[in-house]
Amino acid sequence: MKLTIATPRRHAHRPSFTLVEMLVVIVIIGILATLLTVAAAGAMAKAKVTRIKTELDNIAGSFKAYKTKYGSYPPNFGVDIALVQQHLRKAFPRILATELTNTNLTNLNTNTEAQTKAIYFWLSGFSADVTRPRTGPGGPFSSTPGASEPLYDFDKSRLLPAAASLPYTAATLPTYTASGMSMPYVYFDTSRPYATAPTNDPTYNAVIRPYRRVVGAANEYMEPQGFQVLSAGIDNDWRGTTALNSQPMFPAGPFTGAHADNLGNFTQQMFSEATP
């Protein structure tokens, strides 16, 4: 009988990762994670800008519809109350005199937030009562605001102050914030000559004013025959520490810091990207 003696099989030796190799892998994973995080943050920021710009353009379209309906763009508050009264008389020939001298209107004209409140005032719609377009049912200063045919469909969750009691007053008339942001949109009429440059509330970390451009040896407002609707962008900051009299000309700039991501109806890009 022949005996066969089994010999043990030799297994190939697999060397384990060294500490250096493991550290290299960890570093590579960290770099990839950072790149993905940066890319995701950039995509989210771009989506926010696109959303704000789309909404801003829709608001601008509503002001154009306002002009079609009432004959001209609504004037600025805070400069000359006579211009506001004249505009309302032309838009509503049967308007009562009390609608033009009511304290809510005159107080709104002196309110430092007037140009942010102007968006809701002019676009939320007026009362069907042509003698009382402001205070009649559905008018902005009525106990039942929200006309049956508003020029813009406001998201009520973004009207501030949210808990204001009705009827609104000049102080409580709401502003309208950009989606996901705390800064409101601002409207400026630039179709009329004004003795004093319009501005808006310093409460929003800056006095806000419409943008200008250089024309020859002088300068003029952007959209000189129309209006400006502005947004502070996604940083919730209008101009940072830039002095009011140093506001950059558009599109020359430079638009840096808080100015960089500001948006307006006169460009499809953030101001920093529109700079030539």
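Before any of the text, the structure's been laid out above.
Values in this document were obtained by computation on a predicted structure and should not be read as measured data. (Residues numbered from 1 in each chain as written. Predicted model: local features only at pLDDT ≥ 70, side-chain atom pairs only at ≥ 80, totals over all residues. Heavy atoms only, no water.)

### Observations concerning the environment of His259
Test applied: Strands are runs of DSSP state E lasting at least 2 residues, helices are runs of H or I lasting at least 4, and numbering of each runs from the N terminus. Three labels apply to residues, based on accessible area from a 1.4 Å probe with only protein chains included: buried if under 20% of the type maximum, exposed if over 50%, partly exposed otherwise in between. In the analysis that follows, any N or O atom pair within 3.5 Å is treated as a polar contact, provided that within protein one partner can donate a hydrogen and the other can accept it, and provided that, for residues neighboring in sequence, both atoms belong to side chains.
Relative to the helices and strands, His259 is located in the loop between β6 (227-231) and β7 (263-264). For His259, a relative accessible area of 2% translates into the label buried. In this structure, the C-alpha to C-alpha distance between His259 and Pro248, residues 11 residues apart in sequence, is 8.6 Å. A polar contact is formed between the side chain of His259 and the side chain of Tyr211, at a distance of 3.3 Å.

### A few points about the sheet that holds strand β3 (residues 186-189)
Selection rule: Criterion used throughout: strands pair if DSSP finds at least two bridges between them.
Strands sit in the order β3-β6-β7 across an open sheet of three strands; the sheet is antiparallel. Looking at the sheet topology across the chains shown, the edges are occupied by β3 and β7. Where β3 lies against β6, four bridges are found, and the strand directions are antiparallel. Among the inter-strand pairings, Tyr187 is bridged to a residue of β6, identified as Val229.

### Side note on the packing of aromatic side chains
Applicable threshold: Pairs were defined over the aromatic rings of Phe, Tyr and Trp, the Trp ring being its six-membered one, requiring ring centres within 6.5 Å. Orientation was assigned from the angle between planes: stacked under 30 degrees, edge-to-face over 60, tilted for the rest. Lysine and arginine charges are scored as sitting over a ring when NZ or CZ, respectively, is within 6 Å of the ring centre and within 35 degrees of the ring normal.
The final tally for this structure, using the stated rule, is 29 aromatic pairs. With a centroid separation of 5.9 Å and an interplanar angle of 90 degrees, the aromatic rings of Tyr120 and Tyr168 are classed as edge-to-face. One end of the pair, Tyr120, is in helix α5 (residues 114-123); the other, Tyr168, is in the loop between β1 (159-160) and β2 (175-176), with 48 residues separating them in the sequence. On the basis of relative accessible area, Tyr168 is assigned to the buried category, the value being 10%. Through a chain of ring-to-ring contacts, three or more aromatic side chains come together here, namely Tyr66, Tyr70, Phe77, Phe92, Phe121, Trp122, Phe126 and Phe141. Arg212 extends its terminal NZ or CZ atom over the ring of Tyr221, reaching a point 4.0 Å from the ring centre.

### Let's talk about α5
In terms of burial, α5 is a largely internal element, 10 of the 10 residues being buried. Of all the positions in α5, only Ala114, Gln115, Thr116, Lys117, Ala118, Ile119, Tyr120, Phe121, Trp122 and Leu123 are classed as buried. In the stretch just after α5, Gly125 is the one whose phi turns positive, near 100 degrees.

### Some details on unusual backbone geometry
A cis geometry characterises the amide bond from Phe250 onward to Pro251, with omega recorded as 0 degrees. A cis amide bond links Gly253 to the next residue, Pro254, at an omega of 5 degrees. Structurally, Pro254 is set in the loop between β6 and β7. Phi is positive for Glu223, close to 60 degrees, though the residue is something other than glycine. Residue placement: Glu223 occurs in the loop between β5 (218-221) and β6. Positive phi is not limited to glycine here, since Asn236 has a value of about 55 degrees. Tracing the sequence through the fold places Asn236 in the loop between β6 and β7.

The values reported here are purely geometric and, on their own, carry no functional implication.
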